[in-house]
Amino acid sequence: MLVGKTNINAAQVTVAWDPNTEPDIAGYNIYYGTNAFFQSASAGLNTSLTISNLVAGSTYTIYATAFNLASLESDPSDSISYTVPASPGP
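Residues numbered from 1 in each chain as written. Predicted model: local features only at pLDDT ≥ 70, side-chain atom pairs only at ≥ 80, totals over all residues. Heavy atoms only, no water.

### Topic: unusual backbone geometry
Of all residues except glycine, most have a negative phi; of all peptide bonds, most are trans.
Logical step 1: Although it is not a glycine, Asn53 adopts a positive phi angle of roughly 60°.
Logical step 2: Mapped onto the secondary structure, Asn53 falls in the loop between strand S5 (48–51) and strand S6 (59–68).
Logical step 3: You will see that Ser71, though not glycine, has its phi angle at about 65°, which is positive.
Logical step 4: Along the polypeptide, Ser71 turns up in the loop between S6 and strand S7 (80–83).
Logical step 5: Note on Ser71: relative accessible area 60%, which makes it exposed. (Helix = DSSP H or I, 4+ residues; strand = E, 2+ residues; numbered from the N terminus. Buried < 20%, exposed > 50% of the residue type's maximum accessible area, 1.4 Å probe, protein only.)

### Brief notes about the environment of Leu49
Logical step 1: Structurally, Leu49 is set in strand S5.
Logical step 2: Classification of Leu49 as buried rests on a relative accessible area of 16%.
Logical step 3: Sequence-distant contacts of Leu49, that is, excluding residues within four places in its chain, are made with Val13, Thr14, Val15, Trp17, Ile30, Ala41, Ser42 and Ala43. (Contact = heavy atoms within 4.5 Å.)

### Section: the sheet that holds S6
Logical step 1: Strand order in the open sheet made by the four strands is S4-S3-S6-S7, with antiparallel pairing throughout. The open sheet has two edge strands with one neighbour each: strand S4 (38–44) and S7. Averaged over all pairs of adjacent strands, the angle between their axes in this sheet comes to 30°, without regard to strand direction.
Logical step 2: Here four bridges tie S6 to S7, and the two strands are oriented antiparallel to one another. Residue pairing across strands places Ile62 opposite Ile80, the latter belonging to S7. (Pairing = 2+ DSSP bridges. Axes fitted to C-alpha atoms, helices over the stretch in contact; angles between N-to-C directions.)

### Section: the nonpolar core
Logical step 1: Ranked by internal contacts, the top residues of the largest apolar core, which has 18 residues, are Val15, Trp17, Ile30, Ile51, Leu54 and Ile62.
Logical step 2: Listing elements by their share of this core, those giving two or more residues are strand S2 (12–17), strand S3 (25–33), S5, S6 and S7. (Core = buried A, V, L, I, M, F, W, Y, C linked by side-chain atoms within 4.5 Å.)

### Structural notes on the side chain of Thr65
Logical step 1: Here Thr65 is to be found in strand S6.
Logical step 2: Within the structure, the side chain of Thr65 is placed 2.4 Å from the side chain of Glu73, a separation counted as a polar contact. (Polar contact = N/O pair within 3.5 Å; in protein donor to acceptor, adjacent residues only side chain to side chain.)

In short, the description is geometric, and any link to function would need to be established separately.
Pasting the structure below:
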């Protein structure tokens, strides 16, 4: 489900995914973190989300799930890995 990423600057990344086609989808959750600590963010029904406040030089694993109107969450998507640049670009 997770299909891409775009570097915005050294402290954030935008991820995008294909929409789930099931009729009872209520939204998407994005999970991101390093080996020791994961966080989640709700994207609502949007199919992209910008994750902010990332630590420069750190590598994050990012994956998505969908949830339905009964709050049942899907299996995680394939994950992507994103390394935040050590210093901001121009």
